[in-house]
Amino acid sequence: MFCENCSATMRDGSQFCPSCGTKVAGKADPKRQLAELYQRVVQDELGLLATIEEDGDVLFEHPDLGGLFISLNAEKDPECMRLMLPAFVVDATRWASLEDLIRICNRVNVKAKLATLTVHEDANDSVTASVGLVLAAPDTSPDEALLRGVISRAMSSIKAAVEKFSDELQKLNPPTA
Ligand SMILES: [Zn+2]
């Protein structure tokens, strides 16, 4: 490839011309574009600072819930959004038996609108909340307006599921006064 500014020869994939330093105007990276779309929507709609990880995931911190991330796969399925609240309860089996935890999760899941709770027996017996949504036709990035419309609802659903889970857990093990 050649520099648009000075016509110097450049290696394919170079970001800057080695001769004059001009930035290559090349095609935008679809992975980056998708991550930036989510970053923008989280920041605008939820009012929370979001960062893009090296692998393309979008991370943000909720004041009540803690760290959440949106797992994105721009190559395989850009149409899917996976909002995750990982391990919001760790060492859960210290509070209840695994059977009780699974029962509570199932009860919450039946009533939850979008969120799904899962118990991970291996990862320190943690409980994770997630929302998985297909937002576009296959191999198509979601429409920004649609994404803006659903992100708050997805967050509300996770928040409601987490609160319901905590309530049920409390009922199981009333705190000793
Ligand atoms: Zn140049």
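Residues numbered from 1 in each chain as written. Predicted model: local features only at pLDDT ≥ 70, side-chain atom pairs only at ≥ 80, totals over all residues.

Just checking my understanding: could you explain the pairing of strand E6 (residues 126-134) for this structure?
Both faces of the sheet carry side chains from a regular strand, because those side chains alternate between them. Sheet topology places strand E4 (residues 80-89) next to E6; 7 bridges connect them, and they run antiparallel. Of the residues in E6, the one forming a bridge with Leu83 is Val131. Two elements, strand E5 (residues 116-120) and E6, share 5 bridges in a ladder whose sense is antiparallel. Among the inter-strand pairings, Leu117 is bridged to a residue of E6, identified as Ala129. (Pairing = 2+ DSSP bridges. Helix = DSSP H or I, 4+ residues; strand = E, 2+ residues; numbered from the N terminus.)

For this particular structure, what's the right way to read helix H1 (residues 30-46)?
Residues spaced three or four apart along an α-helix face the same direction, because each turn holds 3.6 residues. Helix length check: H1, at 17 residues, gives a terminal C-alpha distance of 24 Å against a target of 24 Å (1.5 Å per residue), a fit within 8%. Regarding H1, the residues found buried are Leu34, Ala35, Tyr38, Val41 and Val42. Taken around the axis of H1, the buried residues stretch over an arc of 125°, which confines them to a single face. The exposed residues of H1 that point more than 90 degrees off its buried face are Arg32 and Gln33. Looking at the buried residues of H1, the elements they touch are strand E1 (50-52), strand E2 (58-62), strand E3 (66-71) and helix H3 (144-172). A positive phi of about 65° marks Gly47, the residue just after H1. (Expected span 1.5 Å × (residues − 1). Buried ≥ 20, exposed ≤ 12 C-beta atoms within 10 Å, placed from the backbone. Arc of directions from axis to C-beta. Contact = placed C-beta atoms within 7 Å.)

Just to check I follow, could you spell out the pairing of E4 for this structure?
Examined bridge by bridge, E3 and E4 share 3 bridges and lie antiparallel to one another. Each bridged residue has a counterpart across the sheet, and for Ser71 the counterpart in E4 is Arg82.

Would you take a moment to explain the sheet that holds E2 for this structure?
Hydrogen bonding along the main chain pairs the strands of a sheet, whether they run parallel or antiparallel. Taken in spatial order, the 6 strands line up as E1-E2-E3-E4-E6-E5 in an open sheet, and their pairing is antiparallel. The two strands at the open ends of the sheet, each matched to only one other strand, are E1 and E5. Going from strand to strand, the sheet's axes swing by 25° on average, the running direction of each strand aside. Those strands touched by H3 are E4, E5 and E6, and its axis lies near 155° from that of E6. (Axes fitted to C-alpha atoms, helices over the stretch in contact; angles between N-to-C directions.)

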